[in-house]
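# Architecture at a glance
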Amino acid sequence: MKHKQIIDKIGFNQLTQAIEEDLARLINRGMSFKKGGSIRNVSEYAIPLMLTRWNCVLLAEDGIAKYYKEKVALTLAVLFHKYGLYDKTITNKAFHAIDKLNDDVVLSDDFYRKSDQIKDFLKTKPLELKRKPKKPNNITFFRPNDIVSIKLYNNYYAAYIHKLTGVNEAPILEFYDGIFEKVPEAKELKGLKAKGEKFNDGKIHKANFAIYGMKYQPDLAGQIELIDTNKNSDFVPNNSHLEDSIGLFTVSNLFSIQKTINKMFDE
């Protein structure tokens, strides 16, 4: 049994690509941090960040297509194993997913026949990667003037995309100063102030972030949702109350921005 054989039986290539791109970014950084001595192992670094994002699907109570949770759980478990990671909770979710997909005859007869082999394979200890995985290409399907919601745990944060880096590489966004219990509507954001970032000088500055890896629209992890596209200047976050920005923007990604959001909105 090989990882690709299982992935092929699931038959959701775009989901596989999205998860692999997330893992490649995380593991590249994790291996660098481990080499530099700032973390002990890649799993402890990568898995919590990965699940904070993909739990937006796995823990969702509604709005998820039938059997999508099962396919996400199984694909995560297989790709974790491929990239040298292991999480007991995800592996157990994958086993339940296999049973559910078989009970409802969702996938092929071959998947049904090989189910015990797949479970046995996922129980084996994954091999730690010796080389960094290939970095994914930087591309985004979001566009300037898009207004988006980013979910982090049980809260939602709204942001306005001003422009893109390079040739459709990464959206440069600015957060609205608001924490929401659900995805906000565009009308809730009209005229809202921008959220700034506190720097070492003790002042709150304008803050724009280039989010690399923010690619798919719709987002297969369910973390980022397009609220609206609006060129009306009334929807641009009002940052007139903030100090001038430190540089044009901060380079970030889907995982680093999690920590940034926590820090910005806790201050």
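Look up: the structure comes first, before these words.
Quick look at the structure, then. Note that the structure is a prediction, hence the values are computed from the model and not measured.

Let us look at the overall build of the chain. In terms of helices and strands, the chain carries eight helices and eight strands. Taking 2.2 N^0.38 as the reference for a compact globule, 267 residues should give roughly 18 Å; the C-alpha atoms of the chain span a radius of gyration of 20 Å, in line with that estimate. Overall, the C-alpha framework of the chain stretches about 60 × 40 × 35 Å when taken along its three principal axes. Across the 267 residues of the chain, 49% fall into the buried class. Relative to all contacts within the chain whose residues are 6 or more apart in sequence, the contacts with residues 24 or more apart total 72%. Averaging the positions of the 41 positive and the 34 negative side-chain charges in the chain gives two centres separated by 7 Å.

One can describe the packing of helix α4 (residues 68-82) onto helix α5 (residues 88-103) by two numbers: an axis separation of 8 Å at closest approach and a directional angle of 130°. By the angle between their directions, the pair α4 and α5 is classed as oblique. Along this stretch, α4 crosses α5, giving a crossing that reads as left-handed. Across from Glu70, Ala73, Leu74, Leu76, Ala77 and Phe80 in α4, the residues of α5 making contact are Ile90, Thr91, Lys93, Ala94, Ala97, Ile98, Lys100 and Leu101.

Of all hydrophobic cores here, the largest spans 65 residues; its most connected members are Trp54 and Phe175. For Trp54, the residues in contact, after removing those within four places along its chain, are Leu15, Ala18, Ile19, Asp22, Tyr68, Val72, Leu76, Leu220 and Ala221. Ranked by size, the runner-up nonpolar core spans ten residues in total, among them Ile147, Tyr156, Leu189 and Phe235.

On to empty space enclosed by the protein, then. If a probe as big as a water molecule is rolled over the atoms, it shows which places are left empty. By the definition in use, this model includes three cavities of 30 Å³ or more. In this structure, the largest cavity occupies an estimated 100 Å³ of space. Along the walls of the largest cavity sit 15 residues, with Glu21, Asp22, Gly213, Lys215 and Tyr216 positioned nearest its centre. In terms of residues, the lining of the largest cavity owes the most to one element, helix α2 (residues 13-36), which gives four residues. By residue class, the composition of the lining of the largest cavity is seven nonpolar, two polar and six charged. Of the voids in this model, the second largest cavity is the one considered here, and its volume is about 50 Å³. Grouping the amino acids of the lining of the second largest cavity by side-chain chemistry returns five nonpolar, four polar and two charged.

A few words now on the sheet that holds strand β2 (residues 155-165). Spatially, the six strands line up as an open sheet ordered β7-β1-β2-β3-β6-β8, and their pairing is mixed. Pairing within the sheet leaves two strands with one partner each, and these edge strands are β7 (224-229) and β8 (250-253). Along the sheet, successive strands turn relative to each other by an average axial angle of 40°, direction set aside. Pairing analysis gives six bridges linking strand β1 (residues 146-152) to β2, with the strands arranged antiparallel.

Following the criterion strictly, the structure yields 14 salt bridges and no others. Across the pair Asp110 and Lys114 runs a salt bridge whose closest N-O atoms are separated by 3.3 Å. Judged by relative accessible area, which is 24%, Asp110 ranks as partly exposed. Taking relative accessible area as the criterion, Lys114 reaches 26% and is therefore assigned partly exposed. Each of Lys9, Asp110, Arg113 and Lys114 takes part in a single network of salt bridges with overlapping partners.

With that settled, consider helix α7 (residues 115-123). Among the residues of α7, those classed as buried are Ser115, Ile118, Lys119, Phe121 and Leu122. Looking straight down α7, one finds its buried side chains confined to an arc of 160°; they lie on one side. Set apart from the buried face of α7 by more than 90 degrees, the exposed residues are Asp116 and Lys123. Those residues of α7 that are buried are in contact with α1 (3-10), α4, α5 and α6 (109-113).

What follows is about the packing of aromatic side chains. Two aromatic rings, taken as a pair, are described by how far apart their centres are and by the angle between their planes. Enumeration over the complete set of coordinates arrives at six aromatic pairs. Taken together, the ring pairs connect Tyr157, Phe175, Phe209 and Phe265 into an aromatic cluster. The cationic tip of Lys195 hangs over the ring face of Phe265; the distance from NZ or CZ to the ring centre is 5.3 Å.

Rules behind the numbers
- Counting from 1, residues in each chain are numbered in the order their sequence is written.
- Only residues with pLDDT of at least 70 are given local features in this predicted model, and only at 80 or more are side-chain atom pairs given and counted; all residues enter the totals for whole chains, interfaces and linings.
- Hydrogens are left out, water is left out, and the side-chain values use all remaining heavy atoms of the structure.
- The helix count covers DSSP runs of H or I at least four residues long, the strand count covers runs of E at least two residues long, and both are numbered beginning at the N terminus.
- The atom set for the radius of gyration is the C-alpha atoms, and the globule formula is 2.2 Å times the number of residues raised to the power 0.38.
- Residue burial is assigned from relative accessible area. The probe radius is 1.4 Å, only protein chains are included, and a residue is buried under 20% of its type maximum, exposed over 50%, and partly exposed in between.
- Whether two residues touch is decided by their heavy atoms; if any such pair falls within 4.5 Å, the residues are in contact.
- By the counting rule applied here, Lys and Arg register as positive and Asp and Glu as negative, while His and the ends of each chain are not counted.
- Each charge is placed at NZ for Lys, CZ for Arg, CG for Asp and CD for Glu.
- Whenever a helix is involved, its axis is fitted only over the stretch in contact; in every case the axis is a line through C-alpha atoms, and angles between N-to-C directions fall within 0 to 180 degrees.
- An angle below 35 degrees is treated as roughly parallel, one above 145 as roughly antiparallel, one from 65 to 115 as roughly perpendicular, and anything else as oblique.
- Working rule for handedness: look at the near helix, and if it is turned counterclockwise from the far one by less than a right angle, call the crossing left-handed; if clockwise, right-handed.
- We define a nonpolar core as any set of buried Ala, Val, Leu, Ile, Met, Phe, Trp, Tyr and Cys residues linked to one another through side-chain atoms lying within 4.5 Å.
- Residues are said to line a cavity or pocket when one of their atoms sits within 4 Å of a point; the points come from a 1 Å grid over protein atoms alone, cavities being sets where a 1.4 Å probe fits but cannot get out and pockets being open sets with protein on both sides within 12 Å along at least five of seven lines.
- Grid points are joined across faces, edges and corners, and a volume is the space filled by probe spheres set on the points.
- Residue type decides the class: Asp, Glu, Lys and Arg count as charged, Ala, Val, Leu, Ile, Met, Phe, Trp, Tyr, Cys and Pro as nonpolar, and the leftover types, Gly among them, as polar.
- Note on pairing: two strands pair once DSSP finds at least 2 bridges between them.
- Here a salt bridge means any side-chain nitrogen of Lys or Arg lying within 4 Å of a carboxyl oxygen belonging to Asp or Glu.
- This arc is built from the directions going out from the helix axis to the C-beta atoms.
- Aromatic pairs are defined between Phe, Tyr and Trp rings, using the six-membered ring for Trp, whenever the two ring centres lie within 6.5 Å; interplanar angles under 30 degrees are classed as stacked, those over 60 as edge-to-face, and all others as tilted.
- Put simply, a charge is over a ring when the Lys NZ or the Arg CZ is close to the ring centre, within 6 Å, and near the line of the ring normal, within 35 degrees.

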